[in-house]
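# Fold and contact review
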Amino acid sequence: MIRDIGYMKILKTGPGTSIQDLGRVGFAQFGVPNSGVLDLRSFAWVNYLLQNEESDAALEICQPGLKVQFGSPTLICLAGAKVAIKLNGNVLSNPNLLPIQANDLLEIGSMEIGAVLYLGIKNGFQTEKIMNSRSWFGGITQSDFAKKEERISYFTNQEIPKFTASKVKRDTSWLQEKIITAYPGPQWDLLDKHSQEKLETSEFTISDLKNRMAIQLTELLPNNIPEMATAPVFPGTVQLTSGGKLLVLMKDAQVTGGYPRILQLTENAISLIAQKKPQEKIKFSVKKLG
């Protein structure tokens, strides 16, 4: 198959749009964050429908207001948040696979349900690979977030793609689930019983302090745990600050931290909490081992 390079041009974008894949594994000893997709569930669905490799890079969109133009024919797939989508001015209803022709315009409007959308493309976006990953992260890759007039490369065979349309309905119902599954973290047993019970029975609110590094929850949790030495942390680690703030670390988080690590989210739970908007409620379900 001929693989010529085509380009997707960013005509308009909000903050928080970036190229992501499965991230950088094995570089924590150098202080390099994992990065990678916030919602692995939706990202995997995109590559599955496109019959891509599971690690092929996609565009992660965390704010409405994106408008792009494709320079060459290809095939794209959308998954994640339920959003308002237009192709060449025509409103589309919750699409899966979309054939793209040269000069097509795609617009991403308001996010009705969820907070993260993935735009996957046949064979993945072909940005520079650094440390075995195309994930954008400031200080490692040239770009951190997409900017107006930026051009992002992909493979095209210069023909209008032919495919059998997927009859699988795009499911967005899971985006409204409130239960966040977690396991006890290394300092869980240092919490007093009252704080443990509150953590397991209370609802918590996603605050406005939400990005690719961390999500801060609004409600406070009493913290009587002594200060601890800096220790390894991972995406999905829930830290409790000395002031009682709960911080859920996400994919661009630092690799070490000094706050108690009271919970560790599952990968599916990371996907779910990433899809929550500020002011939405969650509830932890703590799975005890043994």
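Residues numbered from 1 in each chain as written. Predicted model: local features only at pLDDT ≥ 70, side-chain atom pairs only at ≥ 80, totals over all residues. Heavy atoms only, no water.

## Describing the nonpolar core
What counts here: Definition of nonpolar core: a set of buried residues of the types Ala, Val, Leu, Ile, Met, Phe, Trp, Tyr and Cys, connected through side-chain atoms within 4.5 Å. Residue exposure (1.4 Å probe, protein chains only): buried if accessible area is under 20% of the type maximum, exposed if over 50%, otherwise partly exposed. The helix and strand labels rest on DSSP assignments: H or I over at least four residues marks a helix, E over at least two residues marks a strand, and numbering proceeds from the N terminus. We call two residues in contact when some of their heavy atoms are within 4.5 Å.
By size, the foremost hydrophobic cluster in this structure holds 44 residues, and its most contacted members are Leu199, Leu246, Ile262, Leu263, Leu265, Ile273 and Phe284. No other element matches the 5 residues that helix H3 (residues 267–274) contributes to this core. When residues no more than four places from it in sequence are discounted, the contact partners of Leu263 are Ala182, Tyr183, Pro184, Gly185, Trp188, Leu199, Gly236, Thr237, Val238, Phe284 and Val286. In terms of nonpolar packing, the next biggest core, distinct from the first, is built from 28 residues, Ile10, Ile19, Leu98 and Ile108 among them.

## Considering the pairing of strand S3 (residues 58–61)
What counts here: Pairs of strands are assigned from DSSP output, requiring at least two bridges between the strands.
Of the two faces of S3, the one holding Ala58 and Glu60 and the one holding Leu59 and Ile61 are both buried throughout. In the sheet, strand S2 (residues 17–20) pairs with S3 via 4 bridges, with the strands oriented antiparallel. Paired with Thr17 across the bridge in S3 is Ile61. Inspection of the sheet shows S3 paired to strand S8 (residues 105–121) by 3 bridges, in the antiparallel sense. Its bridge partner lying in S8, Glu60 is registered against Tyr118.

## Quick word on the state of the cysteines
Threshold: Two cysteine sulfurs form what is called a disulfide whenever their separation falls within 2.5 Å.
One pass over the full model with this rule turns up 0 disulfides. You can see Cys62 has no disulfide; the closest cysteine sulfur is in Cys77, sitting 17 Å from it. With a relative accessible area of 18%, Cys62 lands in the buried category. For Cys77, a relative accessible area of 0% puts it in the buried group.

## Examining the packing of aromatic side chains
Both the distance between ring centres and the angle between the ring planes are used here to describe each pair of aromatic rings. Where we set the bar: Stacked, tilted and edge-to-face are the three classes applied to pairs of Phe, Tyr and Trp rings, where Trp contributes its six-membered ring and a pair requires centres within 6.5 Å; stacked means planes under 30 degrees apart, edge-to-face means over 60, and tilted covers the rest. Look at NZ for Lys and CZ for Arg. If either is within 6 Å of the ring centre and within 35 degrees of the ring normal, a charge sits over the ring.
With the rule as written, the count across this model stands at 4 aromatic pairs. Their ring planes at 25° and their centres at 5.7 Å tell us that Trp45 and Tyr48 sit as a pair that is stacked. You can see Trp45 and its partner Tyr48 sitting in helix H1 (residues 40–50), 3 residues apart, about one turn around the helix. When its relative accessible area of 27% is taken as the criterion, Trp45 is described as partly exposed. The interplanar angle of 55° and the centroid separation of 5.8 Å between the aromatic rings of Phe204 and Phe284 together place this pair among those described as tilted. Here the residue Phe204 occupies a position in strand S11 (residues 203–210), and Phe284 occupies one in strand S18 (residues 281–286), the gap between them amounting to 80 residues. Like Phe204, the residue Phe284 is buried in the burial classification. Here the basic side chain of Arg41 rests over the ring of Trp174, its NZ or CZ set 4.2 Å away from the ring centre.

## Quick notes on the sheet that holds S11
The line we're drawing: Axis definition: a line fitted to C-alpha atoms, limited for helices to the stretch in contact. Angles are taken between N-to-C directions and run from 0 to 180 degrees.
As summarised here, the arrangement of the 7 strands in space is S10-S17-S14-S15-S12-S11-S18, forming a closed barrel in which the pairing is mixed. Taken over all neighbouring pairs, the strand axes of this sheet differ in orientation by 40° on average, direction set aside. Pairing of strand S14 (residues 237–240) with strand S17 (residues 261–265) involves 3 bridges; the strand directions are antiparallel. Bridging across to S17, Val238 finds its partner in Leu263. Strand contacts of helix H2 (residues 193–201): S11, strand S15 (246–249), S17 and S18, with the helix running at about 120° to S18, the strand carrying the most contacts. In the packing of H3 onto the sheet, the strands contacted are strand S10 (179–184), S11, strand S12 (214–217), S15, S17 and S18, and the crossing angle to S10 comes to about 140°.

## A word on the side chain of Ser153
Locating Ser153 in the fold gives a position in strand S9 (residues 151–156). Assessed through its relative accessible area of 12%, Ser153 is described here as buried. Residues in contact with Ser153, not counting those within four places in the same chain, are Ile5, Gly6, Tyr7, Phe125, Gln126 and Thr127.

## A short note on the pattern of salt bridges
Here is the rule we go by: A pair is scored as a salt bridge if a Lys or Arg side-chain nitrogen falls within 4 Å of a carboxyl oxygen belonging to Asp or Glu.
For the structure shown, the criterion picks out 8 salt bridges. A salt bridge links Arg212 to Glu60; the nearest nitrogen and oxygen atoms lie 2.6 Å apart. Taken together, the positions of Arg212 in the loop between S11 and S12 and Glu60 in strand S3 put the pair 152 residues apart, joining distant regions of the chain. Glu60 gets classed as buried once you look at its relative accessible area, which sits at 0%. Note that Lys288 is salt-bridged to Glu200, the shortest N-O span being 2.9 Å. On the criterion of sequence distance, the pair formed by Lys288 in the segment after S18 and Glu200 in helix H2 is long-range, its members being 88 residues apart. Three or more residues are tied together by salt bridges with common partners; here these are Glu60, Arg212 and Asp252.

## Structural notes on the pairing of S17
Burial analysis of S17 places 4 of its 5 residues in the buried class, which makes it a mostly covered element. Bridge count for S10 against S17 is 3 bridges, and the pairing is antiparallel. Bridge pairing links Pro184 to Leu263 in S17.

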